[in-house]
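Remarks on the overall topology
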Amino acid sequence: MSNGDIFTGEVIGTAILILFGAGVCAAVTLRYSKARASGWIVIAFGWGFGVLAGAYTAAPLSGGHLNPAVTLGVAVDTGDWDKVWLYWLGQMVGAMLGAALAYLVYFAQFRANTRTTGTTEGTADEPTPTLGIFSTIPEIRHPVANLVTEVIATISLVLPILAFGGNIGIGIGQVPGEQTGIYGSGISILLVSLLVVGIGLSLGGPTGYAINPARDLGPRIVHTFLPIPNKGTSDWGYSWVPVAGPLIGGALAGLIHNAAF
């Protein structure tokens, strides 16, 4: 894979991931959205479908990491660090692009995030903070506990991904070591997508399951600068947790896979 392919694939794939993910959060959160208050299960599946669409799109170009924690886990496991910076750059650019696109999709709803005349404070018609559409917010702010949650959840993502990579029959493209024309089933990305849904349902409650530094940091940067009425804080004091936790988790997953498999 060329540097251009890696960068392009990661930008496009991560942008699709965030477009779907931030999009479903906007759909569930914002007033005048037909999906408002649909609930956590809808959010979990929306993010899962974002992984499905983004990773399948990016896979032929870059392998479809879409996540610095995945890239780090692969590097720790294989010892190949040459392209890590390029993957991370593409993922950050893509995450910011996807957040901006989600904003454009819900532009009218974001613009309507105002207090109308006669609105009763504390009701459903009250303007809502919008950071949770773009980035994660812990339900209970306890940095150590939040960090541990993100580490464990990210290991639960990256370790299976590394294991899936060892099963050459479920990958995309020509199967290594086989005669020309023998291809993998291509279901590995579908399995990862379902894994992300499962992590969201089972482990996402405490922190909102960033499990991806670019997924949280890129949209948080975009949220800081977007002209959204009553958008609330971008909560930069918490921002290190959904970056450090997934990176630690990704590195540990790489070490575990290298030692055990």
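This structure is a prediction, so every number in the text was calculated from the model and none was measured.

Looking now at the overall build of the protein chain. Broken down by element type, the protein chain carries ten helices and zero strands. Starting at the N terminus and ending at the C terminus, the protein chain contains elements arranged as α-α-α-α-α-α-α-α-α-α. The buried share of the protein chain, taken over its 261 residues, is 49%. If you sum the accessible surface of the protein chain, you get close to 11700 Å²; carbon and sulfur atoms cover 68% of it.

So, about the nonpolar core. Core analysis: the largest hydrophobic core is formed by 44 residues, its most contacted members being Trp47, Phe110 and Tyr209. The element contributing the most residues to this core is helix H1 (residues 3-29), with eight residues. When residues no more than four places from it in sequence are discounted, the contact partners of Tyr209 are Trp40, Ile43, Ala44, Trp47, Thr136, Glu150, Val196, Ile199, Gly200, Gly204 and Arg215.

Right, let's get into the confidence of the model for the protein chain. Scored by pLDDT, the protein chain comes out at a mean of 92, with 90% of its residues at no less than 70. Across residues 118-122, confidence stays below pLDDT 50; counting only partners more than four residues off in sequence or on other chains, it has four contacts.

Let us look at the packing of helix H2 (residues 40-62) against helix H8 (residues 188-203). Interhelical geometry of H2 versus H8 gives an angle of 155 degrees and a closest axis separation of 8 Å. Classified by the angle their axes make, H2 and H8 are roughly antiparallel. With respect to the hand of their crossing, H2 and H8 are arranged in right-handed fashion. Taken together, the residues of H8 that come into contact with H2 (itself represented by Trp40, Ile41, Ala44, Phe45, Gly48, Val51, Leu52, Ala55, Tyr56 and Ala59) are Ile189, Leu190, Val192, Ser193, Val196, Val197, Gly200 and Leu201. Partitioning the contact of H2 with H8 into residue classes produces 15 nonpolar, three polar and no charged.

Our next topic: unusual backbone geometry. A positive phi angle, close to 65 degrees, is found at Tyr32, a residue other than glycine. Along the chain, Tyr32 falls in the loop between H1 and H2. Looking at Tyr32, the relative accessible area reads 58%, which means it is exposed. Phi at Asp235 takes a positive value of approximately 55 degrees, unusual for a residue other than glycine.

Reading the values: rules and limits
- Residues numbered from 1 in each chain as written.
- Predicted model: local features only at pLDDT ≥ 70, side-chain atom pairs only at ≥ 80, totals over all residues.
- Heavy atoms only, no water.
- Helix = DSSP H or I, 4+ residues; strand = E, 2+ residues; numbered from the N terminus.
- Buried < 20%, exposed > 50% of the residue type's maximum accessible area, 1.4 Å probe, protein only.
- Areas by Shrake-Rupley, 256 points an atom, 1.4 Å probe, with all protein chains shown as cover.
- Core = buried A, V, L, I, M, F, W, Y, C linked by side-chain atoms within 4.5 Å.
- Contact = heavy atoms within 4.5 Å.
- pLDDT = per-residue confidence, 0-100.
- Axes fitted to C-alpha atoms, helices over the stretch in contact; angles between N-to-C directions.
- Parallel < 35°, antiparallel > 145°, perpendicular 65-115°, else oblique.
- Left-handed = near helix turned anticlockwise from the far one by under 90°.
- Nonpolar A, V, L, I, M, F, W, Y, C, P; charged D, E, K, R; others polar.

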